[in-house]
Amino acid sequence: QKEVEQDPGPLSVPEGAIVSLNCTYSNSAFQYFMWYRQYSRKGPELLMYTYSSGNKEDGRFTAQVDKSSKYISLFIRDSQPSDSATYLCAMSTLGTNAGKSTFGDGTTLTVKP
Amino acid sequence: DAGVTQSPTHLIKTRGQQVTLRCSPISGHKSVSWYQQVLGQGPQFIFQYYEKEERGRGNFPDRFSARQFPNYSSELNVNALLLGDSALYLCASSLEFDPRTGPGNTIYFGEGSWLTVV
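Right, let's walk through the structure included here. (Residues numbered from 1 in each chain as written. Chains lettered and ligands numbered in written order. Predicted model: local features only at pLDDT ≥ 70, side-chain atom pairs only at ≥ 80, totals over all residues. Heavy atoms only, no water.)

**Description of the overall build of chain B**
Phase 1 of the analysis: When you go through chain B residue by residue, the secondary structure sums to zero helices and eleven strands.
Phase 2 of the analysis: Sequence-ordered secondary structure for chain B, helices as α and strands as β, is β-β-β-β-β-β-β-β-β-β-β.
Phase 3 of the analysis: Put simply, of all contacts in chain B between residues at least 6 apart along the chain, 55% involve residues at least 24 apart.
Phase 4 of the analysis: Surface exposure of chain B reaches about 5,600 Å², of which carbon and sulfur atoms provide 49%. (Helix = DSSP H or I, 4+ residues; strand = E, 2+ residues; numbered from the N terminus. Contact = heavy atoms within 4.5 Å. Areas by Shrake-Rupley, 256 points an atom, 1.4 Å probe, with all protein chains shown as cover.)

Structure, rendered in structure tokens:
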């Protein structure tokens, strides 16, 4: 069983919809939680990162972490066609640099105009 | 400012051959990490280097090796290539390695090197 499981998708939504992307994990030592966006044939781009439990908001994006349930989510409000990409969750433990992260397998999102 | 640059962008190798992939981090970044991303999966950690020293190794066979140079650029070497080594190899750089604070700073990925083993 993988340490990080991500809802596989694919996900297709109309423009303006609220999108929910989710990951679960098994390693209780994970303390840092990140979301990356990856466009086709490009390297991942960091969207947001959160330490421990709680919410973090950045524009149309909200990241939530529930450590008691070992569950993290990324919400995208007012989704745009430009949000169409693969979204990867990633996690790392206290005492390690973000350079050593464990990734989910990604959810591919398509936002239709 | 130049981002993380990787070369070559695409290459095709035959089973049993050896390959060297190169990475130049963002200017001023001292930490380089390598990841393997198989199609349809997330990136999998291979190595991390900081100040020319290995700081982490993922669950990969000894056929995989890497090094970091004084200018902080890095090479990933894979020997005795297998069909299963076909993947996108990603390099990521960050400012520093500080195990006390965790990933407080952003890491930046390059565009990757697409390796096909036939």
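From this point, the narrative continues.
**Here we look at the overall build of chain A**
Phase 1 of the analysis: Of the regular secondary structure elements, chain A holds zero helices and eleven strands.
Phase 2 of the analysis: Taken from N to C terminus, the helices and strands of chain A fall in the order β-β-β-β-β-β-β-β-β-β-β.
Phase 3 of the analysis: Taking 2.2 N^0.38 as the reference for a compact globule, 113 residues should give roughly 13 Å; the C-alpha atoms of chain A span a radius of gyration of 13 Å, in line with that estimate.
Phase 4 of the analysis: Seen through its C-alpha atoms, chain A measures out along the principal axes to roughly 40 × 30 × 25 Å.
Phase 5 of the analysis: Burial statistics for chain A: of 113 residues in total, 46% are counted as buried.
Phase 6 of the analysis: In chain A, the proportion of contacts linking residues at least 24 apart, taken out of those at least 6 apart, comes to 55%.
Phase 7 of the analysis: About 5,100 Å² of surface is accessible on chain A, with carbon and sulfur atoms providing 48% of the total.
Phase 8 of the analysis: Each charge class in chain A was averaged separately, 11 positive and 11 negative side chains, and the resulting centres sit 5 Å apart. (Rg over C-alpha atoms; globule rule 2.2 N^0.38 Å. Buried < 20%, exposed > 50% of the residue type's maximum accessible area, 1.4 Å probe, protein only. Lys, Arg positive; Asp, Glu negative; His and termini not counted. Charge placed at Lys NZ, Arg CZ, Asp CG, Glu CD.)

**What about the pattern of salt bridges?**
Pairs may arise between side chains of opposite charge once their charged atoms sit close together.
Residue and element names in this part refer to chain A.
Phase 1 of the analysis: If you walk through the whole model with that rule in mind, you get nine salt bridges over all chains.
Phase 2 of the analysis: For the salt bridge of Lys2 with Asp105, the shortest nitrogen-to-oxygen distance reads 2.3 Å. With a gap of 103 residues between them, Lys2 in the segment before strand 1 (4-6) and Asp105 in the loop between strand 10 (102-103) and strand 11 (107-112) connect regions that are remote in the sequence.
Phase 3 of the analysis: Taking relative accessible area as the criterion, Lys2 reaches 38% and is therefore assigned partly exposed.
Phase 4 of the analysis: Among the salt bridges present, the one from Arg37 reaches Glu45, with a minimum N-O distance of 3.2 Å.
Phase 5 of the analysis: A residue is classified by how much of its surface remains accessible, and Arg37, at 13% relative accessible area, is buried. (Salt bridge = Lys/Arg side-chain N within 4 Å of Asp/Glu carboxyl O.)

**A short note on the pairing of strand 6 (residues 53-57) of chain B**
Phase 1 of the analysis: Of the pairings in the sheet, the one linking strand 5 (residues 44-50) of chain B to strand 6 of chain B comprises four bridges and is antiparallel in character. Across the sheet, residue Tyr49 of chain B finds its bridge partner in strand 6 of chain B, namely Glu54 of chain B. (Pairing = 2+ DSSP bridges.)

**Describing unusual backbone geometry**
Residues and elements named next belong to chain B.
Phase 1 of the analysis: For the bond from Ser7 to Pro8, the omega torsion is -10°, close enough to zero to count as cis.
Phase 2 of the analysis: Note that Pro8 resides in the loop between strand 1 (5-7) and strand 2 (10-13).
Phase 3 of the analysis: Even without a glycine there, the phi angle at Tyr72 is positive, about 75°.
Phase 4 of the analysis: Here Tyr72 shows up in the loop between strand 7 (64-68) and strand 8 (74-78).
Phase 5 of the analysis: Assessed through its relative accessible area of 21%, Tyr72 is described here as partly exposed.

**Details of the sheet that holds strand 8 (residues 71-76) of chain A**
All names here are of chain A.
Phase 1 of the analysis: With respect to topology, five strands assemble into an open sheet ordered 1-3-8-7-6, the strand pairing being antiparallel. Each of the sheet's edge strands pairs with one partner strand only, and the pair in question is strand 1 and strand 6 (54-58). Averaged over neighbouring strand pairs, the angle between their axes works out to 15° when direction is ignored.
Phase 2 of the analysis: Here six bridges tie strand 7 (residues 61-66) to strand 8, and the two strands are oriented antiparallel to one another. Paired with Ala63 across the bridge in strand 8 is Leu74. (Axes fitted to C-alpha atoms, helices over the stretch in contact; angles between N-to-C directions.)

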